[in-house]
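What follows is the residue order along each chain.
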Amino acid sequence: MAGQKRRALPGFGLSLGYSLFYLSVLVLIPLAGCFIKASNLSWEQFWHAVSDPVAVAAYQLSFSTSIIAALLNSFTGLIVAWVLVRYDFPGKKLLDALIDLPLALPTAVAGITFANLYGSEGWFGQHLMFLDPDGFVGHWFSEDGWFGSTLFTLDTRARGGPLAIVVVLMFVGIPFVIRSVQPVLAEFEIAQEEAAVSLGASRWQTFRYVILPALLPAWLTGLALAYARGLGEYGSVIFVADGIPGKTLIPPVLIIAKLEEFDHARGAFKYEEAAAIASVVLTMSFITLVLINLLERWSKKFEPSEA
Amino acid sequence: MTSLRFIINTSLMLALASIVGCFGGSKRGSDDGVIEIVNASYDPTRELYQEINAAFIDDYQQKHGKTVKVTQSHGGSGSQARSVIDGLEADVVTLALAGDINAIAKKQLIAADWEKRLPDNSAPYTSTIVFVVRDGNPKAIKDWDDLAKPGVKVITPNPKISGGARWNFLAAWGYVTLHKKGSDAEAQDLVGRIYRNVVKLDTGARGSAQTFIKNKLGDVFISWENEAILAQREVPDQKLAIIYPSASILAEPAVAVVAQNVDERGTRAVAEAYLQFLYTDAAQDIIGKNTYRPRNATYQKKYAATLPTIPLFTIREVAGGWAEAQQRFFSDGGVFDRIFSLKK
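Model, not experiment: these values are computed from the prediction. Along every chain, residues carry numbers that run from 1 in the direction the sequence is written. Starting at A for chains and at 1 for ligands, labels are handed out in the order in which the entities are written. For this predicted model, a pLDDT threshold of at least 70 governs which residues receive local features, and a threshold of 80 or more governs which side-chain atom pairs are given and counted, while totals over whole chains, interfaces and linings are taken from all residues.

1. As for unusual backbone geometry
Residues and elements named next belong to chain B.
For step 1, the next point in the chain: Even without a glycine there, the phi angle at N121 is positive, about 55°.
For step 2, the next point in the chain: Secondary structure counts use DSSP, requiring at least four H or I residues in a row for a helix and at least two E residues in a row for a strand, with both numbered from the N terminus. Structurally, N121 is set in helix α5 (residues 119-122).
For step 3, the next point in the chain: The exposure label follows from counting other C-beta atoms within 10 Å of a residue's C-beta, where the C-beta atoms are placed from the backbone and the thresholds are 20 or more for buried and 12 or fewer for exposed, leaving partly exposed in between. With 14 C-beta atoms packed within 10 Å, N121 lands in the partly exposed category.
For step 4, the next point in the chain: For K216, which is not a glycine, the phi torsion comes out positive at approximately 50°.
For step 5, the next point in the chain: Note on placement: K216 falls in the loop between α9 (205-213) and β8 (220-224).

Rendered as structure tokens:
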């Protein structure tokens, strides 16, 4: 593409100007507004709002569950994309269409459904009681159990805790991984694999040295998108998580709590404190996304050359 | 990538349709002689205002010969107040607590003396906070103390988010300080233990009802009386029981005309008539039928079987007023925050 003179869209200047205008109106200015609102606070007030133990626990919960969900999705998503690209089977078209459903479905609906399924009387939940603190696996990870008392405690419940959040975040994130790697897999020439096999490469070697390098950038993009989606998720999480401050409360709920808090002394809602927490989440997500981007660029070095 | 294109096309079309819908809908006024007013209310009042609006429209048509249309907007009480401040063109607000209306009044959108403009502190109906328990009351819950017992799983919304949930919190507090004449330390202890027994803090009253009824989580659901009765009727097969504590709070959801909006839009007469209508016999009857507590003694008697008399204290007795309650209990670092920071 690089050497092409005529482009489909007119003028670099015009299209860049248009892009910048659009991005400014839709993304940059609203996001900057968040920081400007937060900057009305003094440093002390800002630090007080963002370093509250409940807020810190909320960031940790949100980032860890999003990362875990995105990593798990990156593996299952790859397998699903592989199956959809490489094999023909009845119902394939339908399955392919279903993958976009989590994008269209209001996530609150997903949240209610998951909360029902994994509740103590739900289809899945009733068989997962061993994960509860009084079940055998849950007990092991609780304060009184061996693992919990010697290493660290873990909330393994099927409903209400971090595990349940990971499950809904996997639901909302899966289309991003599949849709990112699918086109790359579809374009990938089977001849390259055949060449590798005929040169004596094992299955693992074929995957590791032939398929993976071509796939990695798209795969990482999918991972980043799924992760970012998880961080922003609100609707489904409030239904599956218990929302106990310091334990199972996610930052968006905390932000809403600030917005609902009318400060009678000042005669205003606490927009600034809400913006402060939001700006921390924004900054941290931005840093992680930049890191993933760098990783993606680094991985492109390993892409096999076209010749 | 036909599927992606399909998604983009469909979403563009939907976006376009919704834009057209929004602009089309925002056209107000009286081309066809219909006067439209908007009532911004809180979550559980959907059914109540549906019925009241129908009655009001008939009544207004008969008395003034004009056709009125009442549009409802529902949401958490606090976020409705914020929406009105941020520009939601509501003609009247009918919110869960006076504190939220005070917030709008602070922004000069509502007259400062709004509480005095209508009878009974501008609260045309009341309600209270009760317990909903499972079939046969297996945890033997009778009063507020029982909610604090170890192993009792409590469901209630987060009072920092839900206006209604603040009534729940203050009811438990007032039970100790007013009904049992206990000290603040004792109240802090009991309320702390109750909230540490909460297994799910939802963001609103309807969310908590969902959790308790649909997900069958928890042993007891602290609820508005009207929501409790509604829940019981909604799922008769679950045989939920309502338990009245020995004392609770008199919840006074309040109403006011949004002066700035009605003056701008010329709807003041209708908006004022609408709120006055809430005090009429017809409306008080509908209020009782929808399991809110009427102010009118005749209708209190009529619905006494479903709405039994128990000792009720007011927010003014518990905390002095909403500003004080907000500051002391629900602000950053307030009593509610401290309950959870003590928790390891």
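2. Some points on the interface of chain A and chain B
For step 1, the next point in the chain: Distance between backbone-placed C-beta atoms decides contact: two residues are in contact if it is within 7 Å. In this complex, chain A contributes 31 residues to the contact, which on the side of chain B involves 31 residues.
For step 2, the next point in the chain: Counting residues per element, the ones that place at least two in the side of chain A that touches chain B are α3 (53-86), α4 (92-98), α6 (107-118), α9 (162-187) and α13 (251-260) of chain A.
For step 3, the next point in the chain: For the side of chain A that touches chain B, the element with the highest residue contribution is α13(A), accounting for 5 residues.
For step 4, the next point in the chain: Residue type decides the class: Asp, Glu, Lys and Arg count as charged, Ala, Val, Leu, Ile, Met, Phe, Trp, Tyr, Cys and Pro as nonpolar, and the leftover types, Gly among them, as polar. A breakdown of the residues in the side of chain A that touches chain B according to their chemical character gives 16 nonpolar, 8 polar and 7 charged.

3. Things to note about the sheet that holds strand β9 (residues 241-243) of chain B
Residue and element names in this part refer to chain B.
For step 1, the next point in the chain: Strands qualify as paired when DSSP identifies two bridges or more between them. A sheet is described by the order of its strands in space; here 5 strands give the open sequence β7-β6-β8-β5-β9, paired in mixed fashion. Every interior strand has two partners, whereas the edge strands, β7 (198-202) and β9, have only one. Strand-to-strand twist of the sheet, defined as the mean angle between neighbouring strand axes without regard to direction, takes the value 30°.
For step 2, the next point in the chain: Here 4 bridges tie strand β6 (residues 154-157) to β7, and the two strands are oriented parallel to one another. Of the residues in β7, the one forming a bridge with I155 is K200.
For step 3, the next point in the chain: Strand contacts of helix α10 (residues 225-234): β5 (129-133), β8 and β9, with the helix running at about 120° to β8, the strand carrying the most contacts. Under this scheme, a helix contributes an axis fitted over its contacting stretch, all axes are lines through C-alpha atoms, and angles between N-to-C directions fall in the 0 to 180 degree range.

Shape descriptors only; they carry no functional weight alone.
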